[in-house]
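# Commentary on secondary and tertiary structure
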Amino acid sequence: MFPAPLPPKPAIRAAYQCVLWTSLALWLLPLAAIMLTSVRTAADIAAANYWSWPADTAMVENYRAIFAGTNMLRYFANSALVTLPSVAAALLLSSMASYALATFRFRADFLVYAMFIAGNFIPFQILMIPVRDFSLSLGLYNTKTGLALFHIAFQTGFCTFFLRGFIRQLPGEMLEAARADGVPEWRIYLHIVMPLILPALAALAVLEFTFIWNDFFWGLILAPDDQSRPVTVGLQALKGTYRAQWHLLSAGSIIAALPPVVCFFWLQRHFIAGLTAGATKG
């Protein structure tokens, strides 16, 4: 039995609280500024009223103008059509690859696993020209399909690296018992392994959804036109259309940030369980 930890001294507790609230204020300050700007009027911004409380608010007008006078609805649909299939396909492929690498033994198993790991250390910026040329040669440039396939290919490696560790922690006796009873491998994967790694899959789903939805670089490189442009690139395009109307850009940014936030709170319990799985034993 370990002795109970001593309570922190009042001075340490006060310093901790001071650092905590200061860090929180600095973290939320840009978000608060964007939220205030999103409800300001154009006249309020023209008067350089950036940090004080808005002299006049136009929240309904600003958020309505985003959808009524721009292509934001199309950008949102493009992001959804790219993100949701990409996340689902990456999780499916990586779970199958992780199951094979974690449970089967073959001559090049570690080499294959090392290739998945090595792919995560390649700076993706250096692949800009080859990926663009490859998508042009396949006729996938400036299409939602091409952008989704790119995300699936790149995210499957990270997801495989993440899931393999979880599958390796599963009791091997349980899988061997199922094999001894004549259960096919696909049923073991589908009915035994998948339910046990649901917390890890939920954590990965949140991470991958946030990453793909918020991606700007590859959306700009592979989908520059309105027909396939995701919402992050669409916001950048609004800057050229509404050069001085920062209230509309701020409103669009707040709306674009909502889906990852909703996804996190929807899967919050599973997300925390997936990140903490294996941290304790007993």
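So, here is what we can say about the structure in this document.

Criteria and cut-off values
- Residues numbered from 1 in each chain as written.
- Predicted model: local features only at pLDDT ≥ 70, side-chain atom pairs only at ≥ 80, totals over all residues.
- Heavy atoms only, no water.
- Helix = DSSP H or I, 4+ residues; strand = E, 2+ residues; numbered from the N terminus.
- Buried < 20%, exposed > 50% of the residue type's maximum accessible area, 1.4 Å probe, protein only.
- Patch = residues over 30% accessible without salt bridge, like charges linked within 9 Å, V, L, I, M, F, W, Y side chains within 5 Å.
- Areas by Shrake-Rupley, 256 points an atom, 1.4 Å probe, with all protein chains shown as cover.
- Salt bridge = Lys/Arg side-chain N within 4 Å of Asp/Glu carboxyl O.
- Phe/Tyr/Trp six-rings, centres within 6.5 Å; stacked < 30°, edge-to-face > 60°.
- Axes fitted to C-alpha atoms, helices over the stretch in contact; angles between N-to-C directions.
- Parallel < 35°, antiparallel > 145°, perpendicular 65-115°, else oblique.
- Left-handed = near helix turned anticlockwise from the far one by under 90°.
- Contact = heavy atoms within 4.5 Å.
- Nonpolar A, V, L, I, M, F, W, Y, C, P; charged D, E, K, R; others polar.

## Side note on unusual backbone geometry
If a residue is not glycine, its phi is most likely negative; likewise, a peptide bond is most likely trans. Positive phi values are uncommon outside glycine, yet N142 reaches one of about 60°. Mapped onto the elements, N142 comes out in the loop between α6 (128-137) and α7 (144-168). Accessibility expressed as a relative area gives 9% for N142, which makes it buried.

## Quick look at a nonpolar patch on the surface
Together, Y16, L20, W21, L24, W27, L28, L31 and M35 make up an exposed nonpolar region whose accessible area comes to about 900 Å². Turning to its location among the elements, L31 is positioned in helix α1 (residues 10-38). Looking at L31, the relative accessible area reads 42%, which means it is partly exposed.

## What about the packing of aromatic side chains?
Within the structure shown, the criterion is met by 13 aromatic pairs. Centre to centre, the rings of F209 and W213 are 5.7 Å apart; their planes meet at 15°, and the pair counts as stacked. Taken together, the residues F209 and W213, both in helix α10 (residues 198-214) and four residues apart, mark about one turn of the helix. For the pair shown, F209 and W213 are each scored as buried.

## Observations concerning the packing of helix α8 (residues 172-180) against helix α9 (residues 185-196)
It is the contact of α8 with α9, at a shortest axis distance of 10 Å, that shows an interaxial angle of 150°. Considering the angle they form, α8 stands roughly antiparallel to α9. Classified by chirality, the crossing of α9 by α8 is right-handed. The segment α8 lies against α9, with M174, L175, A178 and R179 engaging E185, I188, I192, V193 and L196. For the contact of α8 with α9, the per-class residue count stands at seven nonpolar, no polar and two charged.

## Overview of the pattern of salt bridges
For the structure on display, the rule yields four salt bridges. For R40, the salt bridge is made with D44, and the minimal N-O distance between the two is 2.9 Å. On the basis of relative accessible area, R40 is assigned to the buried category, the value being 1%. When its relative accessible area of 5% is taken as the criterion, D44 is described as buried. R179 serves as the salt-bridge partner of E185, at 2.5 Å between the closest nitrogen and oxygen. Accessibility expressed as a relative area gives 21% for R179, which makes it partly exposed.

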